[in-house]
Amino acid sequence: MQSLIEHARQFPARIAGQQDAYAALARGQRPQALFITCSDSRVVPSLITGARPGDVFEVRTAGNIVPPWQPRAACAVGGSLEFALEALEVPDIVVCGHSHCGAVQGLLREQDVRSMPLVRRWLTRAGHRTGHDAPEPSTGEELTPAVQRHVLTQLGHLRTYPCVARRLDSGRLRLHAWFYTVESGEVLACAADGRTFRPL
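These remarks concern the structure in this document.

Rules used in this analysis
Residues numbered from 1 in each chain as written. Predicted model: local features only at pLDDT ≥ 70, side-chain atom pairs only at ≥ 80, totals over all residues. Heavy atoms only, no water. Core = buried A, V, L, I, M, F, W, Y, C linked by side-chain atoms within 4.5 Å. Buried < 20%, exposed > 50% of the residue type's maximum accessible area, 1.4 Å probe, protein only. Helix = DSSP H or I, 4+ residues; strand = E, 2+ residues; numbered from the N terminus. Pairing = 2+ DSSP bridges. Phe/Tyr/Trp six-rings, centres within 6.5 Å; stacked < 30°, edge-to-face > 60°. 1 Å grid on protein atoms, 1.4 Å probe; cavity = no way out; pocket = protein on both sides within 12 Å on 5 of 7 lines; lining within 4 Å. Points joined across faces, edges and corners; volume = space filled by probe spheres on them. Nonpolar A, V, L, I, M, F, W, Y, C, P; charged D, E, K, R; others polar. Axes fitted to C-alpha atoms, helices over the stretch in contact; angles between N-to-C directions. Contact = heavy atoms within 4.5 Å.

A few points about the nonpolar core
In summary, soluble globular proteins display a tendency toward joint burial of nonpolar side chains.
Now for step 1: Ranked by internal contacts, the top residues of the largest apolar core, which has 38 residues, are Leu34, Ile36, Leu81, Leu85, Ile93 and Leu158.
Now for step 2: Counting only elements with at least two residues in this core, the list comes to β1 (33–38), β2 (56–61), α4 (76–86), β3 (92–98), α5 (102–108), α7 (140–158), α8 (162–169) and β4 (174–180).
Now for step 3: Considering every element that reaches this core, the biggest residue donor is α7, with 6 residues.
Now for step 4: Counting residues in hydrophobic clusters, the runner-up holds 8 residues, among them Val43, Cys96, Trp178 and Val187.

Printed below as a string of C-alpha cells:
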C-alpha cells in the first residue's frame, strides 16, 4: 500500500507540465468507449488500450457481468451504462473478459465460491450456469472457451437495455467482445461470425 500512497503524493508534481490537458478534463468528458471488464487487478484497461485520461469510461465488476435489464431494479452497471449512452453518447461498448477469470471459474466450480455468499449471488446474474453440463477445467486453456462464451452472454444482456437497443437500431452504437490473455498481453476480438475469437 505504501507504494500506492507515494505515487498519489507525487502525482500532482508529475502532471505539473500538463495543466492545460487536465484543466480541459475538468470541464467535461467525451470518452471514446465504454469499457466493461472484470475487477481483476491483472486487467488494466488503460494499459491494454493506451487510453489517456478522458478516453475510456470504465465499468468494472466481478466477472465483467452485465445483468439483464430489469426496469425496476437498481443496478450500478445499468446506471453506468445509461449514463455512458444518454449523457456521454459513447459510440462503442467493449465487454472484455480475461484468462484465469476467477468469476467464470466460480460459475464452473460452485464449490470455489461456497464460502462467499455475496459472490455466489452476484454470479447468478451472469445468465448461465456452465458448471452443470461442462467438465470442470483443470488448466487456463480449458477455461478460455468458457470465458469467451461468458463474454458473449454479457453482450447479449447489453442488448436487452432499451438505451442500447435504440442506438443499435439507429447505427449510433457498436458492440465489441474482447478476450485478454494475462500472460501474453494478447487481445482477441470476436469475429463477424459471433462465435470465434481472433487476434485484434
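Past the structure itself, the notes keep going.
Re the pairing of β3
Now for step 1: Counting buried positions over the 7 residues of β3 gives 7, a clear majority of the element.
Now for step 2: Residues Asp92, Val94, Cys96 and His98 point to one face of β3 and Ile93, Val95 and Gly97 to the other, with burial holding for every one of them.
Now for step 3: Bridge count between β1 and β3: 4 bridges; the pairing is parallel. Bridge pairing in β3 links threonine 37 to cysteine 96.
Now for step 4: In this structure, β3 lies alongside β4, joined through 7 bridges in parallel fashion. Considered in β4, the bridge of valine 94 is made with histidine 176.

Observations regarding the packing of aromatic side chains
Now for step 1: Tallying each qualifying case throughout the model produces 3 aromatic pairs.
Now for step 2: Geometrically, the ring pair formed by phenylalanine 57 and phenylalanine 83 is tilted, given 5.9 Å between the ring centres and 35° between the ring planes. Of this pair, phenylalanine 57 sits in strand β2 while phenylalanine 83 sits in helix α4, and the two are 26 residues apart along the sequence.

Observations concerning the layout of surface pockets
Now for step 1: The space that makes up the largest pocket amounts to roughly 210 Å³.
Now for step 2: Of all elements in the fold, only α4 and α8 reach the threshold of two or more residues within the lining of the largest pocket.
Now for step 3: Counting residues per element, the lining of the largest pocket draws most heavily on α4, at 4 residues.
Now for step 4: Partitioning the lining of the largest pocket into residue classes produces 8 nonpolar, 3 polar and 4 charged.
Now for step 5: Space inside the second largest pocket adds up to approximately 170 Å³.
Now for step 6: Around the second largest pocket, the lining residues are Gln32, Ala33, Phe35, Thr49, Ala51, Asp55, Val56, Asp92, Val94, His176 and Trp178.
Now for step 7: Elements supplying a minimum of two residues to the lining of the second largest pocket: β1, β3 and β4.

Some thoughts on the sheet that holds β3
Within a sheet, neighbouring strands are paired by backbone hydrogen bonds and run either parallel or antiparallel to one another.
Now for step 1: With mixed pairing, the 6 strands of this open sheet are ordered in space as β2-β1-β3-β4-β5-β6. Across the chains shown, the open sheet's two edge strands, defined by having one partner strand only, are β2 and β6 (197–199). Pairs of neighbouring strands in the sheet enclose a mean axial angle of 30°, with direction left out of account.
Now for step 2: Its contacts with the sheet place α4 against β1, β2 and β3, and it is angled at close to 170° to β2.

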